[in-house]
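An overview of the molecular structure
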Amino acid sequence: MIARYSEPLANLDYLYDRLAAAHRLAPHAKLAITTNTDYLTPVVLDRLLTLGLTRIYMSIYLKANVRWTLDVARGYTNRLVKKLGLQLLSSNETRVSLQCTYRYKTLDLHATCHNWNEYGTDRGGTLEQYIQKERIGPCRDPFETFVIDYTGAVMPCCALRSDLPQGIKFAVGNLSEPGTTIFDIYAGQLSAWRRSLVTFGSKTSPCTTCTHRDIPEELAASIAARMEKHLQHIGRYQHFSSRNRKQPDGLVIG
């Protein structure tokens, strides 16, 4: 997926070239981009389809000084649908977000409009306004994503930025270095990070207060118990239980 704190549609020629190269080198891969939709038009959608793009993640932002409400989010989303001629497949509304899925010919599109005054993560502790409580739940990101910056730096997750002094120290490798491969980093430097995030309990920096995909505290005990049972079943219980981490309210889980 082409994303990472940038607007890929701001330079269409470069994006088209990169997508064509990716499709040529990995013809069976599912290619996706993330965009704020400012430069997205039906003409651009058709061009992206011809280059093998399969999915677009659309982040919908409100204008400055516009207060977020569900009605406002619906209005922004509906205008985008009319602009692009999209077919609505599903929608999900919460107290802090509106999420929709669409179809454009054979292209899948996912749109999110968040209330950023209440929804957000602390980006590895760099955004103090989102530091609220200690993380207790596991994190799936290091298992499901492999984040490469434009410099070749590999970051543990998308919340950390290698172009910030606070973030570069968490880089787990750099693919621009001769002889370095994705497989070496994933199975090597990143493996310890994944192990540290697979169970319930306090997390070390920069994950200490991250809320991304965290589990609500009221559900932690029951989910942790199921995880413990599963780890026993697959024979990994001894590995995790040896840490004997103490959880909130006296819960002890490996």
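Keep in mind that what you see is a predicted model, and the values were worked out from it rather than measured. (Residues numbered from 1 in each chain as written. Predicted model: local features only at pLDDT ≥ 70, side-chain atom pairs only at ≥ 80, totals over all residues. Heavy atoms only, no water.)

1. Quick look at the overall build of the chain
Counting its secondary structure elements, the chain contains 9 helices and 10 strands. Within the chain, buried positions represent 37% of all 254 residues. Taking all contacts inside the chain whose residues are at least 6 apart in sequence as the whole, residues at least 24 apart take part in 56%. Only carbon and sulfur atoms are counted for the fraction: they give 54% of the accessible area of the chain, which is about 14900 Å². In the chain, 31 positive and 23 negative side-chain charges are present, and the distance between their average locations comes to 4 Å. (Helix = DSSP H or I, 4+ residues; strand = E, 2+ residues; numbered from the N terminus. Buried < 20%, exposed > 50% of the residue type's maximum accessible area, 1.4 Å probe, protein only. Contact = heavy atoms within 4.5 Å. Areas by Shrake-Rupley, 256 points an atom, 1.4 Å probe, with all protein chains shown as cover. Lys, Arg positive; Asp, Glu negative; His and termini not counted. Charge placed at Lys NZ, Arg CZ, Asp CG, Glu CD.)

2. Structural notes on the nonpolar core
Core analysis: the largest hydrophobic core is formed by 31 residues, its most contacted members being Leu-40, Leu-45, Leu-48, Ile-56, Met-58, Leu-86 and Leu-109. Of all elements in the fold, only helix H1 (12-25), strand S1 (31-35), helix H2 (42-50), strand S2 (53-59), helix H3 (70-84), strand S4 (97-104) and strand S5 (107-114) reach the threshold of two or more residues within this core. With 5 residues, the top contributor of residues to this core is H3. In this structure Ile-56 touches Ile-33, Thr-35, Leu-40, Leu-45, Leu-48, Leu-107, Asp-108, Leu-109 and His-110, once residues within four positions along its chain are discounted. The next biggest cluster of nonpolar side chains, apart from the first, holds 14 residues, and it includes Val-147, Phe-170, Leu-190 and Cys-207. (Core = buried A, V, L, I, M, F, W, Y, C linked by side-chain atoms within 4.5 Å.)

3. Focus on the sheet that holds strand S7 (residues 153-155)
Hydrogen bonds along the backbone pair up the strands of a sheet, which may run parallel or antiparallel. Sheet architecture is open: 3 strands sit in the order S6-S7-S8, paired in antiparallel fashion. One side of each edge strand has no neighbouring strand; the edge strands of this open sheet are strand S6 (147-148) and strand S8 (173-174). The pairing of S6 with S7 spans 2 bridges and is antiparallel. What sits directly across from Ile-148, in S7, is Val-154. (Pairing = 2+ DSSP bridges.)

4. Describing unusual backbone geometry
The amide bond that connects Ser-205 to the next residue, Pro-206, takes the cis arrangement and shows omega of 10°. As for its position among the elements, Pro-206 is in the loop between helix H7 (189-196) and helix H8 (217-233). Phi at Arg-123 takes a positive value of approximately 50°, unusual for a residue other than glycine. One can find Arg-123 in the loop between S5 and helix H4 (141-144).

5. Overview of a nonpolar patch on the surface
Judged by side-chain polarity, Tyr-61, Trp-116 and Tyr-119 come together as a nonpolar surface patch covering roughly 310 Å² of accessible area. Turning to its location among the elements, Trp-116 is positioned in the loop between S5 and H4. On the basis of relative accessible area, Trp-116 is assigned to the partly exposed category, the value being 36%. (Patch = residues over 30% accessible without salt bridge, like charges linked within 9 Å, V, L, I, M, F, W, Y side chains within 5 Å. Salt bridge = Lys/Arg side-chain N within 4 Å of Asp/Glu carboxyl O.)

6. Structural notes on the pattern of salt bridges
For the structure on display, the rule yields 9 salt bridges. A salt bridge links Lys-105 to Asp-46, with the nearest nitrogen and oxygen atoms 2.9 Å apart. On the criterion of sequence distance, the pair formed by Lys-105 in the loop between S4 and S5 and Asp-46 in helix H2 is long-range, its members being 59 residues apart. For Lys-105, a relative accessible area of 56% gives the class exposed. Across the salt bridge formed by Glu-118 and Arg-95, the nearest N and O atoms sit 2.2 Å from each other. Of this pair, Glu-118 sits in the loop between S5 and H4 while Arg-95 sits in the loop between strand S3 (87-93) and S4, and the two are 23 residues apart along the sequence. Within this structure, Asp-71, Arg-74 and Glu-93 form a network of salt bridges that share partners.

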